[in-house]
Amino acid sequence: MVSLKLNKHSHKFHIRKGDIVKIISGNDKGKIGEVIELIKPKEQVIVKGINIKIKHKKSNREGELGQINQIEYPIHSSNVMLFDKENNVASRVGFIIDSDGTKKRKLKKLL
């Protein structure tokens, strides 16, 4: 039996689903994409159009053709950085408190 080692403590992500991120290491370094899904136990994210692998699917019935699917595979959350398209800059995340008392995320380079 194969078991995956998972972290016992929940990891607090610096990004959220729907954020625009820049890849800072790996084969897709420098590419920009949108976060589709967060995998919290493994501290990984799936980014649209990044880390695409080809998966071959065998036909199940006679006369049915097999398929070749392109799937986005997860990458570790430490390999992505929040990106701002307006200013064309990637940076770490900081928090500010507005005058009305709400806590908002802001890029540290833009603080």
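Residues numbered from 1 in each chain as written. Predicted model: local features only at pLDDT ≥ 70, side-chain atom pairs only at ≥ 80, totals over all residues. Heavy atoms only, no water.

Engineer: Help me get a handle on the overall build of the protein, residues and values and all.
Structural biologist: When helices and strands are tallied, the protein shows zero helices and ten strands. Its helices and strands taken in sequence order, the protein reads β-β-β-β-β-β-β-β-β-β from the N to the C terminus. The C-alpha atoms of the protein give a radius of gyration of 18 Å, which is well past the 13 Å a tight globule of 111 residues would have. Structurally, the protein occupies a C-alpha span of about 65 × 35 × 25 Å along its principal axes. In the protein, which comprises 111 residues, the proportion classed as buried is 23%. (Helix = DSSP H or I, 4+ residues; strand = E, 2+ residues; numbered from the N terminus. Rg over C-alpha atoms; globule rule 2.2 N^0.38 Å. Buried < 20%, exposed > 50% of the residue type's maximum accessible area, 1.4 Å probe, protein only.)

Engineer: I'd love a proper account of the sheet that holds strand S2 (residues 32-39), names of residues and values included.
Structural biologist: In sheet architecture, strand pairing relies on hydrogen bonds along the backbone and comes in two forms, parallel and antiparallel. With antiparallel pairing, six strands are arranged side by side in an open sheet as S6-S3-S2-S1-S7-S8. Among the strands making up the open sheet, the edge pair consists of strand S6 (75-76) and strand S8 (89-91). Relative to S8, strand S7 (residues 80-84) runs antiparallel, the two sharing three bridges. In the strand pairing of S8, Phe-83 is matched with Ala-90. (Pairing = 2+ DSSP bridges.)

Engineer: Outline the packing of aromatic side chains, supporting the account with residue identities and numerical values.
Structural biologist: For any pair of aromatic rings, geometry is given as the distance between the ring centres together with the angle between the planes. Under the definition given, this model contains zero aromatic pairs. The ring of Phe-95 has Lys-103 lying over it, and the distance from NZ or CZ to the ring centre is 4.8 Å. (Phe/Tyr/Trp six-rings, centres within 6.5 Å; stacked < 30°, edge-to-face > 60°. Lys NZ or Arg CZ within 6 Å of the ring centre and 35° of its normal.)

Engineer: Run through the nonpolar core, naming residues and quoting values.
Structural biologist: Counting residues in each nonpolar core, the largest one holds 14 residues, and the members touching the most others are Ile-15, Val-21, Ile-23, Val-45, Val-47, Ile-75 and Val-80. Those elements that provide at least two residues to this core are strand S1 (20-23), strand S3 (44-47) and S7. Once residues lying within four places of it in the same chain are set aside, the contact partners of Ile-23 are Asp-28, Lys-29, Gly-30, Lys-31, Val-47, Ile-50, Ile-75, Asn-79 and Val-80. (Core = buried A, V, L, I, M, F, W, Y, C linked by side-chain atoms within 4.5 Å. Contact = heavy atoms within 4.5 Å.)

Engineer: How would you explain the pairing of S7 if you had to name every residue and give the values?
Structural biologist: Taking burial as the measure, the five residues of S7 include four buried ones, the bulk of the element. Across three bridges, the pairing between S1 and S7 is antiparallel. Along S7, the bridge assignment pairs Val-21 with Leu-82. What sits between S7 and S8 in their antiparallel hairpin is a turn of four residues, with Asn-88 showing a positive phi close to 55°.

Engineer: Account for the side chain of Asp-19, with residues named and values stated.
Structural biologist: Inspection of the secondary structure assignment puts Asp-19 in the segment before S1. We classify Asp-19 as buried; its relative accessible area is 12%. At a separation of 2.8 Å, a polar atom in the side chain of Asp-19 contacts the main-chain amide nitrogen of Arg-16. With residues up to four places along the chain from it excluded, the contact list for Asp-19 reads Gly-33, Glu-34, Val-35, Leu-82 and Arg-105. (Polar contact = N/O pair within 3.5 Å; in protein donor to acceptor, adjacent residues only side chain to side chain.)

Engineer: An account of the pattern of salt bridges is requested, with residue identities and associated values reported.
Structural biologist: This structure, assessed with the given rule, holds three salt bridges. Residue Asp-19 is joined to Arg-105 by a salt bridge in which the shortest nitrogen-to-oxygen separation is 3.0 Å. Of this pair, Asp-19 sits in the segment before S1 while Arg-105 sits in strand S10 (residues 103-107), and the two are 86 residues apart along the sequence. On the basis of relative accessible area, Arg-105 is assigned to the partly exposed category, the value being 27%. (Salt bridge = Lys/Arg side-chain N within 4 Å of Asp/Glu carboxyl O.)

Any link to function would need more than the numbers given here.
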